[in-house]
Amino acid sequence: MSTITPHKLGVHKILKHVPLNAIFDAPSKRRLAKAVNIADLRLCAKQRAHKMVFDYLDAGADDEISLRRGKDAYSELEMHFHILSGLKPPLDLSTKIFGEDVKLPFFGCPTAGNRMFHWEGETAAAKAAQHHGSLYGLSSLATTGITEIGNLHKGPKVFQLYVWKDRELVKEVLAKAKEGGFCALALTVDFTWYGNRERDIRNDFSIPPKYSINQMIEAIKKPAWTYDFLSHEPYTYACINTDVPADSLAAFVNSQIAPEFDWKDAEWLLGEWNGPAAVKGVVRPDDAKRAVETGFSTMWVSNHGARQLETSPATIDVLPSIREAVGPEVEIIMDGGVQRGTDIAKALALGADSVGVGKPYLYGLAAGGTDGVIKALEILRVELDRAMGLLGVGTVDELKKRGPSLIKRRNASARDYPDRYAFERGYGGGVI
């Protein structure tokens, strides 16, 4: 027997005509305006989003060791800057990703189910990417359709695909992506099992929330998020089948993910796509070499946001070995642990051609929709521009060429971390 929910009763069709969003969102907008860095955006997101939703975004696997290491690893890298470089702002942050011109060497990673964070969902991230002239990445488990994203973002776009069992489903989705103007494909290969995310288990995570006493209490605490949820259409997996409700996430993933997917299957997929393609989830040089031999044009160094295999390595630590393995001509994207523009600069200096960010822009999304994502990318843009200027490099190409001489590793110490409250701030800087 199915549960009767507000959406099944049609409550959203009534509430969408009652303009209370502005009232509930007023405190969130004030907090967003005061945010200085990504750590501040994280706190804004935590104050606006349902606890279950925020923890889903914020968490890592198991004891979250990899999550902490992924951020801490950047603290062990010092920036040895040049002086009197004759530079003046603004610097040239433009580059190419998947062979396409973009204005920024970083972008928002494709992430699933954006509408759970804010009703605007993927459209907010697409508008922000269009605003900044950056690459946009869409997940195959998005809650916004390919056509709608194509209408919002006219620049380069990458479509992310999981290792599905159903080849007909794969063909159908790839055809939609091509028709929608997506220039590249990213195959996620580190999601053959679902990671153990214990915050989700403790919160009894579900999409949408179960109408338990605890979930309803948490919903009452976050009126802006709750009104968004109740006054808009229920989520669906819009890139796959709009008839698949988003509340079947676990069941759908378990039924479609193919743990047996191997290199031969990857060859078949590349043949079906026949265009620029990245293998997303590389942390080993031998896998990178084989991926190049298989036909992937781009190595995407990633550990899935430290949400899959606990104690997987920090991506910034393995990046130089991946660059050495594939040589200077193969494109490398890296994501993982990025919280600052200086983190992006270090990744570019150590071998990445571009950098993906996940949590930073999702914090912005959960904090304030389109405005929040635009602000998240702007914070990182300003920080990267400043870091490059102080390093003495005027372009992304110059940073990549001179990078190894600019970044030096040192042993970590307690002085690298602000204070005992750093964990509460997401290992970041100032507070609101």
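### A few points about the overall build of the chain
From N to C terminus, the chain includes 18 helices and 14 strands. Taken over the C-alpha trace, the chain has a radius of gyration of 21 Å; the compact-globule value for 432 residues is 22 Å, and the two agree within 12%. Referenced to the eigenvectors of the C-alpha coordinate spread, the extents of the chain come out at roughly 65 × 50 × 40 Å. Sequence separation of at least 24 residues holds for 74% of the intrachain contacts in the chain that already meet a minimum separation of 6. For the chain, the distance from the average position of its 54 positive side-chain charges to the average position of its 54 negative side-chain charges is 5 Å.

### Considerations on the nonpolar core
Within the largest apolar cluster, 108 residues are counted, with the highest numbers of intra-cluster contacts made by F159, M299 and I316. The biggest single contributor to this core is helix 17 (residues 359-391), with 15 residues. What M299 contacts, discounting residues up to four positions off in sequence, is V279, A288, A291, V292, I322, V326, V330, E331, I332 and I333. By size, the runner-up hydrophobic cluster in this structure holds 13 residues, among which are I97, F98, F107 and A278.

### Examining the packing of helix 16 (residues 341-349) against helix 17
At their nearest, the axes of helix 16 and helix 17 sit 7 Å apart, and the two run at 55° to each other. As judged from the angle between their axes, helix 16 and helix 17 are oblique. Viewed along their axes, helix 16 and helix 17 form a crossing whose handedness is right-handed. Along the contact surface, helix 16 presents G341, T342, I344 and A345, while helix 17 presents L380, E383, L384 and A387. Considering only residue class, the contact of helix 16 with helix 17 consists of five nonpolar, two polar and one charged.

### Some remarks on unusual backbone geometry
Residues P89 and P90 are joined by a peptide bond in cis, for which omega reads -5°. Along the polypeptide, P90 turns up in the loop between strand 1 (77-79) and strand 2 (95-97). One non-glycine residue, T311, adopts positive backbone phi at about 65°. Here T311 shows up in the loop between strand 11 (298-301) and helix 15 (315-326).

### What to know about the pattern of salt bridges
Scanning all chains against the criterion turns up 24 salt bridges. A salt bridge links K221 to E218; the shortest N-O distance between them is 3.4 Å. Of the two residues, K221 and E218 are both situated in helix 10 (residues 213-221); the distance of three residues between them amounts to about one turn of the helix. Within the structure, one salt-bridge network assembled from shared partners comprises R42, K51, D55, D58, E64 and R199.

### What to know about the confidence of the model for the chain
Scored by pLDDT, the chain has a mean of 90; 91% of the residues are at 70 or more. Ignoring residues within four places in sequence, the model shows residues 427-432, a span with pLDDT below 50, making 19 contacts including any to other chains.

### A few points about a nonpolar patch on the surface
Nonpolar side chains collect at one region of the surface, where I14, V18, L20, I23 and F24 lie side by side and expose about 420 Å² of accessible area between them. One can find L20 in the loop between helix 1 (11-15) and helix 2 (21-34).

Rules of the game
- Residues numbered from 1 in each chain as written.
- Predicted model: local features only at pLDDT ≥ 70, side-chain atom pairs only at ≥ 80, totals over all residues.
- Heavy atoms only, no water.
- Helix = DSSP H or I, 4+ residues; strand = E, 2+ residues; numbered from the N terminus.
- Rg over C-alpha atoms; globule rule 2.2 N^0.38 Å.
- Contact = heavy atoms within 4.5 Å.
- Lys, Arg positive; Asp, Glu negative; His and termini not counted.
- Charge placed at Lys NZ, Arg CZ, Asp CG, Glu CD.
- Core = buried A, V, L, I, M, F, W, Y, C linked by side-chain atoms within 4.5 Å.
- Buried < 20%, exposed > 50% of the residue type's maximum accessible area, 1.4 Å probe, protein only.
- Axes fitted to C-alpha atoms, helices over the stretch in contact; angles between N-to-C directions.
- Parallel < 35°, antiparallel > 145°, perpendicular 65-115°, else oblique.
- Left-handed = near helix turned anticlockwise from the far one by under 90°.
- Nonpolar A, V, L, I, M, F, W, Y, C, P; charged D, E, K, R; others polar.
- Salt bridge = Lys/Arg side-chain N within 4 Å of Asp/Glu carboxyl O.
- pLDDT = per-residue confidence, 0-100.
- Patch = residues over 30% accessible without salt bridge, like charges linked within 9 Å, V, L, I, M, F, W, Y side chains within 5 Å.
- Areas by Shrake-Rupley, 256 points an atom, 1.4 Å probe, with all protein chains shown as cover.

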